[in-house]
Every structure is written in structure tokens, then in C-alpha cells.
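Okay, here's what each chain looks like letter by letter:
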Amino acid sequence: MWLADAMPAESAQPSIRIAAVADTHMRDAVAGRFRPELLRVDEHADVLLLAGDLTEGGRLAEADLLCAEIADLPVPVVAVLGNHDHDHKLGFRISAQLSGIGVHMLEGTAITLELNGIQLGIAGVMGGSGGFPGYPGTPDEGTEEHRARMRRGPLDALLLRQALDTLETEIRVALMHFSPVVDTLIGEPPKIFPGLGCHALGDAVDAGRASLAVHGHAHGGTEIGCTAGGVPVRNVSYPVIGRPYAVYDLIPVQSA
């Protein structure tokens, strides 16, 4: 069996370096902020993952700015949308714009890339709310939008598990916007934990034998966490990591 470790450092062993960021919230005020570093991303990473809330409010003009920010990068780009990318119910248009410049968009689907002689599988969903043990959600209360988001977490968890199960790769990464664990929410008010993620997503990460889970959404959270099954989880929300992207080495290690 192949296992993977995640660490923000380079290794002498064959590895895949993953750059990741979420919550860029692209708008006029931040246009151009990420572009200089992204154009040199290949100096530090082999692939770039975007974990949702890529636009400020899901407007097509913001998507145009986003495309200008990430066009023609020197590494493959794989992305999922976040809740704000759907604010104007134009998520499908934003996804199409990103696909048009070569971004691999995932929504309950997976992709396999071969990088550095290693097969990397990435499964992606937006995810949703749903709550965690000790922080239960209220799927039958509140607004229609709240109820839909609380139901979406467990439903997208099923899609994530199915997508992970399609991968026959040495390394598997679960990419989502909402958090699969409480660990990376620490720093946010506990009363809003149920709205920031769903324990079912973490269960899917474990059951799907992921090597790493990457998410955003929790702007006031913590970068480093772990699922119950021991899978590293990284909150790459831009306000959390404080840089255009974080980099993690994934190293296939053959068990004895």
C-alpha cells in the first residue's frame, strides 16, 4: 500500500509538491495581488489547487479578473467552487470560464495527473455545512438557504467518497471548500462551526484513503489539522495562510 505524508518542506525523495490557496475573493481591490507569485509557482510546486470562494460574490466580472490572475500558469491548476462563487447563481458560468483557460474544475469528480513520475489523483467537491460531534447542525431550521447548505455537506461527502474510490493512484488528494474537521476551524467562534463544515466530509476522506485533504472557507481558522483516521488536513484560506499559496510535499512511502 502507498501512503503519503504532507509537510511544508522539500524532500530528497521523489515527491509531488502541491501549492494550494482558497478564499481569494477576487474583486477590483485585489486584482493583481496573486499574479506575480503565481507566475513563478513552478519554482516551488508541481500543481496548484484552488479551494473555492475564488470570487467575492459570484459575478462574471470578478470571474474575468480571476481568469486574468491565473491564466497561463506554468503548472496544472485544479479547482472547486465555494459558496460565494454561487452567490448570483452563476457558478456554472464561472466554472465554464475557468475551464476555458485550462483549469480542471471538479464537482463530485476526480482527475489523475502524472507528475515527477508519480500518479496524483485529486477528487473534489464544494462540500457544505452539516456539523460535527459536539457541534451539531440544524438542517430542519432557519432559512431555505441555510437548510440547503446543511443538507449539502453530507450529500457532497457521498460524492467525494465516490470520486476518491475511482482513483487508482499512488497519492490521493481530497479538495473541497468546506472543512472536513473541527481542527482547522479553531479560531472561529464555536457557535458557527456547524456552518463551516461537516464531519461526513472527514469520514469520506478517511474511507476514500486520501493522502491529504485541502479546504478553505474558515477565514479565522487554523492551517493544520487531521481527520479521525489520521489524514492531514490543511486550511488554505488566504486569510489563514497569509501568502498567495501554501506548499506541501506529498511523498509516496511503500509500507513493508
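This one's a predicted model, so the numbers in the text were calculated from it and none came from an experiment. (Residues numbered from 1 in each chain as written. Predicted model: local features only at pLDDT ≥ 70, side-chain atom pairs only at ≥ 80, totals over all residues. Heavy atoms only, no water.)

**Here we look at the UniProt feature "domain: Calcineurin-like phosphoesterase" (unreviewed entry) in the protein**
Short version of the rule: UniProt positions are given in the numbering used here, feature names are shortened, and annotations may be inferred rather than shown by experiment. Counting from the N terminus, the helices are the DSSP runs of H or I reaching at least four residues and the strands are the DSSP runs of E reaching at least two.
Within this numbering scheme, the UniProt entry marks residues 16–219 as carrying the feature "domain: Calcineurin-like phosphoesterase" (unreviewed entry). Counted over residues 16–219, helix gives 29% and strand 22%. Its end C-alpha atoms are 26 Å apart.

**Focus on the sheet that holds strand 6 (residues 109–115)**
For the record, the criterion: Whether two strands pair comes down to DSSP finding at least two bridges between them. Lines fitted to C-alpha atoms define the axes here, with helix axes fitted over just the stretch in contact, and angles between the N-to-C directions of these axes take values from 0 to 180 degrees.
Across the sheet, six strands lie side by side as 6-7-10-11-13-12; this open sheet has mixed pairing. Sheet topology places strand 6 and strand 12 (224–226) at the edges, where each strand pairs with a single neighbour. Strand-to-strand, the axes of this sheet are offset by a mean angle of 25 degrees, without reference to chain direction. Here three bridges tie strand 11 (residues 212–215) to strand 13 (residues 232–235), and the two strands are oriented parallel to one another.

**What to know about the nonpolar core**
Note the threshold: We call a set of buried residues a nonpolar core when its members are Ala, Val, Leu, Ile, Met, Phe, Trp, Tyr or Cys and they connect through side-chain atoms within 4.5 Å of each other. Buried means the residue's accessible area, taken with a 1.4 Å probe over protein chains only, is under 20% of the maximum for its type, while exposed means over 50%, and partly exposed covers the values in between. Contact between two residues is taken to exist if any of their heavy atoms lie within 4.5 Å; hydrogens are not considered.
Ranked by internal contacts, the top residues of the largest apolar core, which has 51 residues, are Leu49, Leu98, Ile122 and Val173. Those residues in contact with Ile122 that sit more than four places away from it in its chain are Leu49, Val78, Leu106, Thr109, Ala110, Ile111, Leu113, Leu167, Val173 and Leu175. Counting 21 residues, the second largest nonpolar core, distinct from the first, contains Ala123, Leu164, Phe178 and Ala200.

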